[in-house]
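# Summary of structural features
Read off the chains here:
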Amino acid sequence: MFEQLREDIRSIFARDPAARNAFEIVTTYPGVHALIVHRAANALWRRDFKWLARLLSHLGRMLTGIEIHPGATIGRRFFIDHGMGVVIGETAEIGDDVTLYHGVTLGGTTWNKGKRHPTLKRGVVIGAGAKVLGPITVGENARIGSNAVVVKDVPDGATVVGIPGRIAGGKAANADLEHNEPARPPAGPHFDAYGQARELNDPLVQQLEQLQQQVAALEAALRRQGIEP
Ligand SMILES: CC(C)(COP(=O)(O)OP(=O)(O)OC[C@H]1O[C@@H](n2cnc3c(N)ncnc32)[C@H](O)[C@@H]1OP(=O)(O)O)[C@@H](O)C(=O)NCCC(=O)NCCS
């Protein structure tokens, strides 16, 4: 357990520019507290102490503002920054090295029991306030922009923004959520704090720019004919 905590803390240094030292992280980071509580609650849940697990998770929520259902499956080096308002549903599955910011919901869209919450693959970053809903899969190293609402699978490495979420960047800029085309290869150990990247190739913006250029060309052609557009 302590080795796991040490690993969590090391990963936070790499992901939060505000992190100063291990003592500060252990004592003041609600994401760390929520994770410690979740590991205990999840162990109880798996041993069929369901009510005790729910109670522990409820106490964790009171302490941190982060609600993680004890049945949720969470990988290594999971980091919730700031934390308040995060909700993680019972059948959510979270891979290693995933980062969530405050206000993120990994929620369901159906009353049916069974798998109804998202699966996040390794290295996913989800911006503040984003909602990821339903039994969808967010691919490795994908980034979800703050306040996006995502209801369809996201390919590896894609950046998704807006409501409903659409692919805006990453190496998957030319893919779309419907066809789930392949995207950029995993980013490796490098982590972009706040999900920032140097390239974002929004296809909608590109189309608008093309339209602007076409309108300008048409106006120029009209002027050449002596017609003021
Ligand atoms: C989506 C995100 C990962 C993209 O980052 P990036 O690759 O650096 O992209 P940029 O900031 O250069 O933005 C590129 C374009 O996408 C738009 N965009 C960026 N984030 C967006 C979002 N969340 N929703 C809608 N549009 C967004 C920008 O307005 C910009 O549009 P433009 O090209 O028309 O000017 C990032 O903006 C984001 O939302 N990260 C989460 C940050 C967060 O939650 N921080 C909380 C810290 S407390």
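Every value quoted in this text rests on a predicted model; they were computed, and no experiment measured them. (Residues numbered from 1 in each chain as written. Predicted model: local features only at pLDDT ≥ 70, side-chain atom pairs only at ≥ 80, totals over all residues. Heavy atoms only, no water.)

A contiguous nonpolar surface patch, about 660 Å² in accessible area, is contributed by Phe-49, Trp-51, Leu-52, Leu-55, Leu-59 and Met-62. Along the polypeptide, Met-62 turns up in helix H4 (residues 50-64). On the accessibility criterion, Met-62 (60% relative accessible area) is exposed. (Patch = residues over 30% accessible without salt bridge, like charges linked within 9 Å, V, L, I, M, F, W, Y side chains within 5 Å. Areas by Shrake-Rupley, 256 points an atom, 1.4 Å probe, with all protein chains shown as cover. Salt bridge = Lys/Arg side-chain N within 4 Å of Asp/Glu carboxyl O. Helix = DSSP H or I, 4+ residues; strand = E, 2+ residues; numbered from the N terminus. Buried < 20%, exposed > 50% of the residue type's maximum accessible area, 1.4 Å probe, protein only.)

Here we have five strands laid out as an open sheet, ordered E1-E4-E7-E10-E13, and parallel in their pairing. Only two strands of the sheet have a single partner each, and these edge strands are strand E1 (66-68) and strand E13 (149-150). One ladder, built from three bridges, connects strand E7 (residues 105-107) with strand E10 (residues 131-133); its direction is parallel. Bridging across to E10, Gly-107 finds its partner in Leu-133. (Pairing = 2+ DSSP bridges.)

This part covers empty space enclosed by the protein. A complete count under the given rule lists two cavities of 30 Å³ or more for this structure. By volume, the largest cavity amounts to about 50 Å³. In this structure, the largest cavity is lined by Ala-34, Val-37, His-38, Ser-57, Gly-60, Arg-61, Ile-66 and Ile-68. Elements that contribute at least two residues to the lining of the largest cavity include exactly helix H3 (30-46), H4 and E1. Broken down by class, the residue content of the lining of the largest cavity amounts to four nonpolar, three polar and one charged. Roughly 30 Å³ of internal volume is contained in the second largest cavity. Taken together, Asp-8, Ile-12, Gly-31, Val-32, Leu-35, Phe-78, Phe-79 and Ile-80 make up the full set of residues lining the second largest cavity. Every element with two or more residues in the lining of the second largest cavity is listed here: helix H1 (2-15), H3 and strand E3 (79-80). Here the lining of the second largest cavity takes three residues from H3, the largest share from any one element. (1 Å grid on protein atoms, 1.4 Å probe; cavity = no way out; pocket = protein on both sides within 12 Å on 5 of 7 lines; lining within 4 Å. Points joined across faces, edges and corners; volume = space filled by probe spheres on them. Nonpolar A, V, L, I, M, F, W, Y, C, P; charged D, E, K, R; others polar.)

Inspection of every chain in the model, using the stated rule, returns 13 salt bridges. Between Glu-7 and Arg-77 there is a salt bridge, with the nearest N and O atoms lying 2.9 Å from each other. Separated by 70 residues along the polypeptide, Glu-7 in helix H1 and Arg-77 in the loop between strand E2 (73-74) and E3 bring together distant segments of the chain. Both residues of the pair, Glu-7 and Arg-77, belong to the buried class. The residue Asp-8 makes a salt bridge to Arg-39 at a minimum N-O spacing of 2.9 Å. Within this pair, whereas Asp-8 is found in helix H1, its partner Arg-39 is found in helix H3, the two being separated by 31 residues in sequence. With relative accessibility at 4%, the residue Asp-8 sits in the buried group. For Arg-39, a relative accessible area of 23% corresponds to the partly exposed category. One connected set of salt bridges, linked through shared partners, spans Glu-7, Arg-76, Arg-77 and Asp-97.

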